[in-house]
Amino acid sequence: MHKLQSFSRAILAEVFSRLPSRLHSTAGRPSAPLGSRILTNTDDIFKHNMWDHVQWTEEDKENARQKAKENSSTHIPLEEQGTFDTEACQYWDKFYKMHQKKFFKDRKWLFLEFPELLPSGAKSQTTNGYLVDQQESHLQLTGSSTDTETRYQQHNGPTHRNTDTPSHQKESCQGAAPEETEALIQTPAFPGQHASFRILEVGCGVGNSTFPIVNSIKEKDAYLYCCDFSPCAIQLVKDHPDYHDSVCHAFVHDICEEKASFPFPIHSLDVILAVFVLSSIHPERLQGIVNRLSTYLKHGGMFLFRDYGRFDFSQLRFKKGRCLSENFYTRGDGTCVYFFTKEEVHDLFSNAGLEEIQNLEDRRLQVNRGKKVAMHRVWMQSKYRKGYPPPPS
């Protein structure tokens with residue numbers, strides 16, 4: 001069981017004496033909806049739980065590299081590693097059976113970061129400008145013997161949406177290209193067939209993204225598919241009072257299975273959402289997964305991604321003996337996690353034939369005000385679009 005290091009006020013004062021100038025500066029950061037709470041006075045460090053746009057010093061980077069090098073110096077023996085891949089479903093199913101719906105909070109921040117989840121012209125029912133999500137950080141703050149970690153994350157700030165669609169690509173994602181329309185007409189009936197806007201959420205868990213989406217797309221001619229390989233998680237989604245098959249279809253599905261079929265045809269989706277999902281899969285499987293999922297997008301459809309970034313605090317706090325391969329670890333409960341770089345994310349989606357709209361490294365300073373602990377958090381947030389066919393000559 002990992003135990004967080006506690007810092008005295010004197011040590012914190014020394015650590016953060018060099019932060020104001022680099023935290024206040026946004027030089028080198030692309031325009032993005034990654035929050036606007038900037039720490040400009042070290043005396044304010046414990047006034048909020050999260051500070052945005054943290055720029056690391058070279059010393060910070062080197063310290064992180066050394067910690068990752070140290071905790072990955074000993075790998076789990078190869079003959080034992082296969083279990084974490086072949087039995088991943090059992091580990092997560094056990095996790096959901098144990099925690100049910102009590103472990104995560106709904107991701108109400110989704111529409112601040114991913115307005116593409118809503119059909120054109122629709123507005124989210126989410127109105128809070130500053131929202132908290134306790135799921136993503138997967139940060140262990142208690143003495144649980146199962147090594148199951150608590151997730152913390154906060155999102156705030158304005159939103160941004162790319163609008164640089166070429167003139168011959170003005171077709172809305174809500175409508176399909178001619179060949180896609182013909183394919184849909186010839187396809188047997190499937191759930192959500194008559195909706196003009198379709199979303200797939202992979203790795204939906206117990207519905208912490210599902211129901212914020214469902215409650216925002218009702219009566220908007222939109223439909224949500226959500227899948228997870230945990231039967232327990234899917235049953236919890238279906239038992240939710242907001243679940244209704246007129247707007248949502250939840251189903252058990254393992255995206256690692258190459259021949260597993262989806263309940264909808266290719267070229268039928270406007271959006272695919274993968275939030276803290278791909279990191280739980282062995283990195284050698286990821287390219288094939290993204291390739292297969294991308295075939296289900298319409299031309300102009302969007303793949304939305306958010307996950308752990310390299311040298312996030314949750315990576316650095318692993319102890320020796322939990323590393324499976326480079327930057328890939330297993331927790332005490334058997335679930336796994338990989339930590340991405342911007343370059344890896346770019347290659348992953350670009351190699352699947354998608355064009356980059358956004359690829360950001362979200363660096364924040366997370367503060368436990370009760371324990372006077374500060375932690376560097378790193379998340380990746382990306383948007384990739386399926387291109388249109390070239391215009392007729």
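Let me sum up the structure you'll find in this document. Here the residue numbering is sequential within each chain, running from 1 through the sequence in written order. Local features in this predicted model are restricted to residues whose pLDDT is 70 or higher, and side-chain atom pairs enter the listing and the counts only when it is 80 or higher, whereas totals over whole chains, interfaces and linings include all residues. As a convention, hydrogens and water are excluded, and side-chain values are obtained from all of the structure's heavy atoms.

Here we come to the pairing of strand β13 (residues 373-386). When accessible area is computed with a 1.4 Å probe and restricted to protein chains, residues below 20% of their type maximum are described as buried, those above 50% as exposed, and intermediate ones as partly exposed. Each helix is a run of DSSP H or I of at least 4 residues and each strand a run of E of at least 2, with the numbering of both proceeding from the N terminus. Among the 14 residues that make up β13, 13 are buried, leaving the element largely enclosed by the rest of the structure. Strand pairing is assigned whenever DSSP detects at least two bridges linking the two strands. Note: strand β8 (residues 297-308) against β13, seven bridges, orientation antiparallel. Bridging from a neighbouring strand, Phe 305 pairs with Ser 382 of β13. Relative to β13, strand β12 (residues 354-368) is paired through 14 bridges, and the arrangement is antiparallel. Looking across to β13, one finds that Gln 358 is bridged to Lys 383.

Counting residues in hydrophobic clusters, the biggest one holds 51 residues, and the most contacted among them are Leu 110, Phe 114, Leu 117, Ile 213 and Leu 273. At four residues, the largest contribution of residues to this core is made by helix α8 (residues 210-217). When residues no more than four places from it in sequence are discounted, the contact partners of Leu 110 are Pro 115, Leu 117, Ser 209, Ile 213, Leu 273 and Val 275. Put simply, a nonpolar core is a bunch of buried Ala, Val, Leu, Ile, Met, Phe, Trp, Tyr and Cys residues held in one set by side-chain atoms that sit within 4.5 Å of each other. With 39 residues, the next largest nonpolar core counts Phe 264, Ala 274, Val 277 and Met 380 among its residues. Contacts between residues were defined by any pair of non-hydrogen atoms, one from each residue, lying within 4.5 Å.

What follows covers α8. With seven of eight residues buried, α8 lies mostly within the body of the structure. Of the positions making up α8, those classed as buried are Thr 210, Phe 211, Pro 212, Ile 213, Val 214, Ser 216 and Ile 217. Contacts made by the buried residues of α8 are with α6 (110-113), β4 (197-202), β5 (222-228), α9 (231-238), β6 (248-252) and β7 (269-275). Two residues or fewer after α8 comes Glu 219, characterised by a positive phi angle close to 60 degrees.

The three strands lie next to each other as β9-β10-β11, forming an open sheet whose pairing is antiparallel. The open sheet has two free edges, formed respectively by β9 (323-325) and β11 (336-338), since each of these has just one partner strand. Direction aside, neighbouring strands of the sheet carry axes that sit 30 degrees apart on average. In the sheet, β9 pairs with strand β10 (residues 328-330) via two bridges, with the strands oriented antiparallel. Following the sheet pairing, Cys 323 is matched in β10 by Tyr 329. Fitted lines through C-alpha atoms give the axes, limited to the stretch in contact for helices. The angle between two N-to-C directions lies from 0 to 180 degrees.

This part covers the packing of aromatic side chains. Working definition: a ring pair exists when centres of Phe, Tyr or Trp rings (six-membered ring for Trp) sit within 6.5 Å. Plane angles under 30 degrees give stacked, over 60 give edge-to-face, the rest tilted. Tallying each qualifying case throughout the model produces 17 aromatic pairs. Ring geometry for Phe 264 versus Tyr 296: centroids 5.4 Å apart, planes at 90 degrees, classification edge-to-face. On the criterion of sequence distance, the pair formed by Phe 264 in the loop between β6 and β7 and Tyr 296 in the loop between α10 (283-294) and β8 is long-range, its members being 32 residues apart. The same class applies to Phe 264 and to Tyr 296, which are both buried. On the basis of an interplanar angle of 90 degrees and a centroid distance of 5.4 Å, the ring pair of Phe 305 and Phe 340 is categorised as edge-to-face. Of this pair, Phe 305 sits in strand β8 while Phe 340 is found in the loop between β11 and α12 (342-350), placing the two residues 35 residues apart along the sequence. Among the aromatic residues, those joined into a ring-pair cluster are Phe 303, Phe 305, Phe 328, Tyr 338, Phe 340, Phe 349 and Tyr 384. Comment: the charge-over-ring label is applied if NZ (Lys) or CZ (Arg) is within 6 Å of the ring centre and within 35 degrees of the ring normal. Over the ring of Trp 109 we find Arg 306, and its NZ or CZ is 5.7 Å from the ring centre. Seen from the ring of Trp 56, Arg 363 lies directly overhead, with NZ or CZ sitting 4.3 Å from the centre.

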